[in-house]
Amino acid sequence: MMQRPPHSPELGSHHCDCAAAHWLQGWLHAPGVQHLPSPNFGERPPAACIDLAVLHSISLPPGEYGTGCVQQLFTNQLDWDAHPYFNSIRNLEVSAHFFITRQGVLWQFVSADARAWHAGASHWRGRSNCNDDSIGIELEGLEGQPFTPAQYQRLGWLLGHIAQAYPLKYLAGHEHIAPGRKQDPGAGFDWPQLAQLLAATLPAQTCKNLHWP
Ligand SMILES: [Zn+2]
């Protein structure tokens, strides 16, 4: 499951330097990747096959970027009284494994070996409870709206690293695994652009075996 780091992380540049990235107990270590452990996680079922990446969109308050509120939500630090919208999500305990800001900065909250709380009631590729055996990736944004080039770059880079450590076979949006209940990331997410990026970065065989929504 784990890779040995070809170089020590401190030798990496601030660019996306794939050679400097490595996994350690489900945490992705690479220059510029921020680790902020969330208490909102559990164990995966024994022998869970982590073959699905679920894409989401989130911003707090909705449509406002760079506020730090998403990081606060995922670590149970959000001040519920700081904005009227927060009242509608009061006491929510959620998390995703990863969060990609509009600038392409990557945050990790939960080890990919553990079960993050991002999907809720869900069903995909014949299996229910997608939290059990998926990796959740939040893109900072507003569902239905476009995402930034920096986010696609970082997402492609991240999925490439996930595919090296986990048997990634399926990609889906939250809207696909919880239809009728969820609508993120929505129509503004450019799946063909992601497919192009992955074709350029993933090994051909991995790419060929990927199932798209
Ligand atoms: Zn979602």
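Just so you know, these numbers come straight off a predicted model, no measurement behind them.

Quick look at the overall build of the chain now. On a plain count of helices and strands, the chain comes out with five helices and twelve strands. Since a compact globule built from 213 residues should have a radius of gyration of about 17 Å, the 16 Å found for the chain is in line with a globular shape. Expressed as lengths along the three principal axes of its C-alpha atoms, the size of the chain is roughly 45 × 40 × 35 Å. Out of the 213 residues in the chain, the part that is buried amounts to 38%. Partitioning the contacts of the chain with sequence separation of at least 6, the portion at a separation of at least 24 is 67%.

In summary, soluble globular proteins display a tendency toward joint burial of nonpolar side chains. Residues A53, V54, I137, L158 and I162 are the most contacted members of the largest nonpolar core, which totals 41 residues. Elements with a contribution of two residues or more to this core: β5 (52-58), α1 (69-74), β6 (98-100), β11 (134-140), α2 (149-165) and β12 (170-173). The element that contributes the greatest number of residues to this core is α2, accounting for six residues. Contact partners of A53, with chain neighbours within four places excluded, come to S134, I135, I137, L159, I162, L168 and L171. Residues A20, A21, L28 and A30 belong to the second largest nonpolar core, which totals five residues.

For the rest of this paragraph, the subject is unusual backbone geometry. Cis rather than trans, the peptide bond between L60 and P61 has omega equal to -15°. If you trace the backbone, P61 turns up in the loop between β5 and α1. For the peptide bond that leads from D184 to P185, omega is 0°, which places it in the cis range. Tracing the backbone shows P185 in the loop between α3 (174-177) and α4 (191-201). For Q25, which is not glycine, the phi dihedral falls at a positive 50°. One can find Q25 in the loop between β1 (22-24) and β2 (27-29). For A47, which is not a glycine, the phi torsion comes out positive at approximately 65°. With respect to the secondary-structure elements, A47 resides in the loop between β4 (41-42) and β5. For A47, a count of 6 C-beta atoms within 10 Å corresponds to the exposed category.

Time to look at the environment of Q72. Note on placement: Q72 falls in helix α1. Looking at Q72, the number of C-beta atoms within 10 Å reads 16, which means it is partly exposed. Sequence-wise, Q72 and D132 are 60 residues apart; in three dimensions their C-alpha atoms are separated by 24 Å. In this structure Q72 touches Q77 and L78, once residues within four positions along its chain are discounted.

Cut-off values and rules
Residues numbered from 1 in each chain as written. Predicted model: local features only at pLDDT ≥ 70, side-chain atom pairs only at ≥ 80, totals over all residues. Helix = DSSP H or I, 4+ residues; strand = E, 2+ residues; numbered from the N terminus. Rg over C-alpha atoms; globule rule 2.2 N^0.38 Å. Buried ≥ 20, exposed ≤ 12 C-beta atoms within 10 Å, placed from the backbone. Contact = placed C-beta atoms within 7 Å. Core = buried A, V, L, I, M, F, W, Y, C linked by C-beta atoms within 7 Å.

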